[in-house]
Amino acid sequence: ETGVTQSPTHLIKTRGQQVTLRCSSQSGHNTVSWYQQALGQGPQFIFQYYREEENGRGNFPPRFSGLQFPNYSSELNVNALELDDSALYLCASSPDRVNTGELFFGEGSRLTVL
Amino acid sequence: KNEVEQSPQNLTAQEGEFITINCSYSVGISALHWLQQHPGGGIVSLFMLSSGKKKHGRLIATINIQEKHSSLHITASHPRDSAVYICAVGSHDMRFGAGTRLTVKP
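All of these numbers come straight from a predicted model, not from anything done at the bench.

**What to know about the overall build of chain B**
Right, so step 1: The number of helices and strands found in chain B is zero helices and eleven strands.
Right, so step 2: Relative to the globule expectation of 13 Å for 106 residues, the C-alpha radius of gyration of chain B, 13 Å, shows essentially globular dimensions.
Right, so step 3: A principal-axis box enclosing the C-alpha atoms of chain B has dimensions of 40 × 30 × 20 Å.
Right, so step 4: In chain B, which comprises 106 residues, the proportion classed as buried is 47%.
Right, so step 5: Once local pairs closer than 6 in sequence are excluded, the contacts in chain B between residues at least 24 apart make up 53%.
Right, so step 6: Surface exposure of chain B reaches about 4,900 Å², of which carbon and sulfur atoms provide 48%.

**Comments concerning the nonpolar core**
Right, so step 1: With 23 residues, the main nonpolar core has Leu32, Trp34, Leu72 and Tyr85 of chain B as its most contacted residues.
Right, so step 2: For this core, the secondary-structure elements that each account for two or more residues are β3 (19-25), β4 (31-37), β5 (43-49), β7 (59-64), β8 (69-74), β9 (83-90) and β11 (100-105) of chain B.
Right, so step 3: Not counting the four nearest positions on each side in its chain, Tyr85 of chain B is found in contact with Gln6, Ile21, Leu35, Gln36, Leu46, Leu72, Ile74, Gly99, Thr100 and Leu102 of chain B.
Right, so step 4: Membership of the second largest hydrophobic core comes to 21 residues, among which are Val4, Leu11, Trp34 and Leu76 of chain A.

**Concerning the sheet that holds strand β1 (residues 5-7) of chain A**
In sheet architecture, strand pairing relies on hydrogen bonds along the backbone and comes in two forms, parallel and antiparallel.
All names here are of chain A.
Right, so step 1: As summarised here, the arrangement of the four strands in space is β1-β3-β8-β7, forming an open sheet in which the pairing is antiparallel. A single partner strand is all that each edge strand has here, and the edge strands are β1 and β7 (64-68). The sheet shows a mean angle of 15° between the axes of neighbouring strands, direction not considered.
Right, so step 2: Both β1 and strand β3 (residues 19-24) contribute to a ladder of three bridges, which runs antiparallel. What sits directly across from Gln6, in β3, is Cys23.

**Some words on the interface of chain B and chain A**
Right, so step 1: The interface is formed by 20 residues belonging to chain B together with 24 residues belonging to chain A.
Right, so step 2: Of the roughly 1,600 Å² buried between chain B and chain A on both sides combined, carbon and sulfur atoms contribute 60%.
Right, so step 3: It is Ile43, His92 and Phe96 of chain B that lose the most area in chain B upon contact with chain A, and together they represent 34% of the buried surface on that side.
Right, so step 4: At the junction of chain B with chain A, the criterion picks out zero salt bridges.
Right, so step 5: If you look at where chain B meets chain A, you find one residue pair in polar contact (both at pLDDT 80 or more).
Right, so step 6: Here the residues of the side of chain B that touches chain A sort into eight nonpolar, eleven polar and one charged.

**Overview of the pattern of salt bridges**
Residue and element names in this part refer to chain A.
Right, so step 1: Applying the stated criterion across every chain, the model contains seven salt bridges over all chains.
Right, so step 2: Taking the shortest distance from any N to any O, the salt bridge between Asp85 and Arg63 comes out at 2.8 Å. Placement of Asp85 in the loop between β8 (74-78) and β9 (87-94) and of Arg63 in the loop between β6 (53-57) and β7 is noted, with a sequence separation of 22 residues between them.
Right, so step 3: Several salt bridges share partner residues, and in doing so they unite Arg63, Glu82 and Asp85 into one network.

How each quantity is defined
Residues numbered from 1 in each chain as written. Chains lettered and ligands numbered in written order. Predicted model: local features only at pLDDT ≥ 70, side-chain atom pairs only at ≥ 80, totals over all residues. Heavy atoms only, no water. Helix = DSSP H or I, 4+ residues; strand = E, 2+ residues; numbered from the N terminus. Rg over C-alpha atoms; globule rule 2.2 N^0.38 Å. Buried < 20%, exposed > 50% of the residue type's maximum accessible area, 1.4 Å probe, protein only. Contact = heavy atoms within 4.5 Å. Areas by Shrake-Rupley, 256 points an atom, 1.4 Å probe, with all protein chains shown as cover. Core = buried A, V, L, I, M, F, W, Y, C linked by side-chain atoms within 4.5 Å. Pairing = 2+ DSSP bridges. Axes fitted to C-alpha atoms, helices over the stretch in contact; angles between N-to-C directions. Buried area = accessible area lost by both parts, 1.4 Å probe. Salt bridge = Lys/Arg side-chain N within 4 Å of Asp/Glu carboxyl O. Polar contact = N/O pair within 3.5 Å; in protein donor to acceptor, adjacent residues only side chain to side chain. Nonpolar A, V, L, I, M, F, W, Y, C, P; charged D, E, K, R; others polar.

This is the structure:
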């Protein structure tokens, strides 16, 4: 067990709805990154938060947004859901911004958009 | 061309065989990570490399920074090693390979 927990584990939404996914980081880690993993593919970087500030963003539209809280838990919000947003969403915490330490992943939230 | 290429995509081995999975990348990196993903999605970190070679039990990982290439070796493979192995590189913005699906048959 990594110490990183994500919720919910599974959820189903319809096109146009909004979703919030949550991640509780490994104790002591001030950096969290979110990834989207489509079926059969490797994860893709969405964004990273370091000490409550966004520290880099991948090629995702603004309807993907995030927050990190003082207790280092974080949220990924997706507005105006599209069918292609169906994927496994993973968060990973690390002790530094450049990922030179061990990464700790949650089990993921599997989102299905109908 | 993907920034991180893994080979092979799929690999089937008999228990006890020596396994090699390769990763080539084209971006500058702070570190390279080898990850293991089991059905259901959870990802476990196996190695973080910035140079040289690391060994944990039956797993060995090497990296050649000049050639931008890394290999993951599994000695004396076992059915419980069956999983998807993913190479990830970068800095704050990690880039991932598509993964190598390993099946080890008893």
